[in-house]
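Given next are the chains, with one letter for each unit.
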Amino acid sequence: MDQLSFGGPPPSGPSGRSAAPLDDVDRAILRELQADGRLSMRALAERVSVSRSNAYTRVERLVGEGVIAGFTARVDPVRAGLGTAAYVLVNIEQDSWRKVSAQLREVPFIEHLAFVGGDVDLVMLVRTPDNASLRDVVLSRIHAVEGVRSTRTWLIFDENPATSRPA
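Residues numbered from 1 in each chain as written. Predicted model: local features only at pLDDT ≥ 70, side-chain atom pairs only at ≥ 80, totals over all residues. Heavy atoms only, no water.

## Details of the pattern of salt bridges
Inspection of the entire model under this criterion finds 11 salt bridges. Close ionic contact of Arg58 with Asp26 constitutes a salt bridge, the shortest N to O distance being 2.8 Å. Here the residue Arg58 occupies a position in helix 3 (residues 52–64), and Asp26 occupies one in helix 1 (residues 24–35), the gap between them amounting to 32 residues. With relative accessibility at 15%, the residue Arg58 sits in the buried group. Taking relative accessible area as the criterion, Asp26 reaches 2% and is therefore assigned buried. A salt bridge links Glu159 to Arg127, with the shortest nitrogen-to-oxygen separation between them at 2.8 Å. With Glu159 in the segment after strand 4 (148–156) and Arg127 in strand 3 (residues 122–128), this residue pair connects regions lying 32 residues apart in the sequence. Overall, the relative accessible area of 37% leaves Glu159 in the partly exposed class. Each member of the salt-bridge network shares a partner with another, and the members are Asp23, Asp26, Arg58, Arg61 and Glu65. (Salt bridge = Lys/Arg side-chain N within 4 Å of Asp/Glu carboxyl O. Helix = DSSP H or I, 4+ residues; strand = E, 2+ residues; numbered from the N terminus. Buried < 20%, exposed > 50% of the residue type's maximum accessible area, 1.4 Å probe, protein only.)

Encoded structure:
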């Protein structure tokens, strides 16, 4: 019998992992850390109305459970010299996704890569210094990957960077 259809525990592992149960305080902590990952525990505790030790314990638990996957800096791509951005949609040979994925992760300037369902197989966010570099990435690097059948490139004219969103 299939455990899932009878209310059993979810399977373990990355592909079947169930979301960790989060309460309102956990979600508030995540919102605050997404807005400013450099908050001190004292400031975080004050903002979410818990003790410093409670905030520390919760953050450690969220890190330990993989809910918080790491702490990073938000970089302005234009000021970092990456003023050209595009979404590149890729169709691949269906039996080659593992190999294609591994090779594309090595291509410079690909900021995000996602396998999707629908008319295309992959959607990638590519940021380069200029249009000539974008052309080189798409035509010379991405198309050189064995298993890539075709691409479509959507140039990004303007962006509204993601800000802190409710968890």
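## Description of the layout of surface pockets
Empty space within the second largest pocket amounts to approximately 560 Å³. In this structure, the second largest pocket is lined by 16 residues; those nearest its centre are Leu33, Gln34, Gly70, Phe71 and Thr72. When its residues are assigned to classes, the lining of the second largest pocket shows nine nonpolar, four polar and three charged. (1 Å grid on protein atoms, 1.4 Å probe; cavity = no way out; pocket = protein on both sides within 12 Å on 5 of 7 lines; lining within 4 Å. Points joined across faces, edges and corners; volume = space filled by probe spheres on them. Nonpolar A, V, L, I, M, F, W, Y, C, P; charged D, E, K, R; others polar.)

## Some details on the packing of aromatic side chains
Applying the stated rule across the entire model yields one aromatic pair. Relative to Phe115, the ring of Trp97 has its centre 5.7 Å away and its plane inclined at 80°; by these criteria the two rings are edge-to-face. With Trp97 in helix 4 (residues 97–104) and Phe115 in strand 2 (residues 110–115), the pair connects residues that are 18 residues apart, well separated along the chain. On the accessibility criterion, Trp97 (40% relative accessible area) is partly exposed. (Phe/Tyr/Trp six-rings, centres within 6.5 Å; stacked < 30°, edge-to-face > 60°.)

## Here's the deal with the nonpolar core
Formed by 18 residues in total, the largest nonpolar core has its most connected members in Val90, Leu104, Ile110, Met124 and Ile142. For this core, the secondary-structure elements that each account for two or more residues are strand 1 (84–92), helix 4, strand 2, strand 3 and helix 5 (131–142). Ignoring any residue separated from it by four or fewer positions in sequence, one finds Met124 in contact with Ala86, Tyr87, Val88, Val90, Leu104, Ile110, His112, Leu113 and Ile142. Counting residues in hydrophobic clusters, the runner-up holds 14 residues, among them Ala28, Leu33, Ala43 and Leu44. (Core = buried A, V, L, I, M, F, W, Y, C linked by side-chain atoms within 4.5 Å. Contact = heavy atoms within 4.5 Å.)

## Some words on helix 3
Along its 13 residues, helix 3 runs 18 Å from first to last C-alpha, staying within 8% of the 18 Å computed at 1.5 Å per residue. Along helix 3, the residues that are buried comprise Ala55, Arg58, Val59 and Leu62. Taken around the axis of helix 3, the buried residues stretch over an arc of 100°, which confines them to a single face. In this structure, helix 3 carries Thr57 and Gly64 as exposed residues pointing more than 90 degrees from its buried face. Contact partners of the buried residues in helix 3: helix 1 and helix 2 (41–48). (Expected span 1.5 Å × (residues − 1). Arc of directions from axis to C-beta.)

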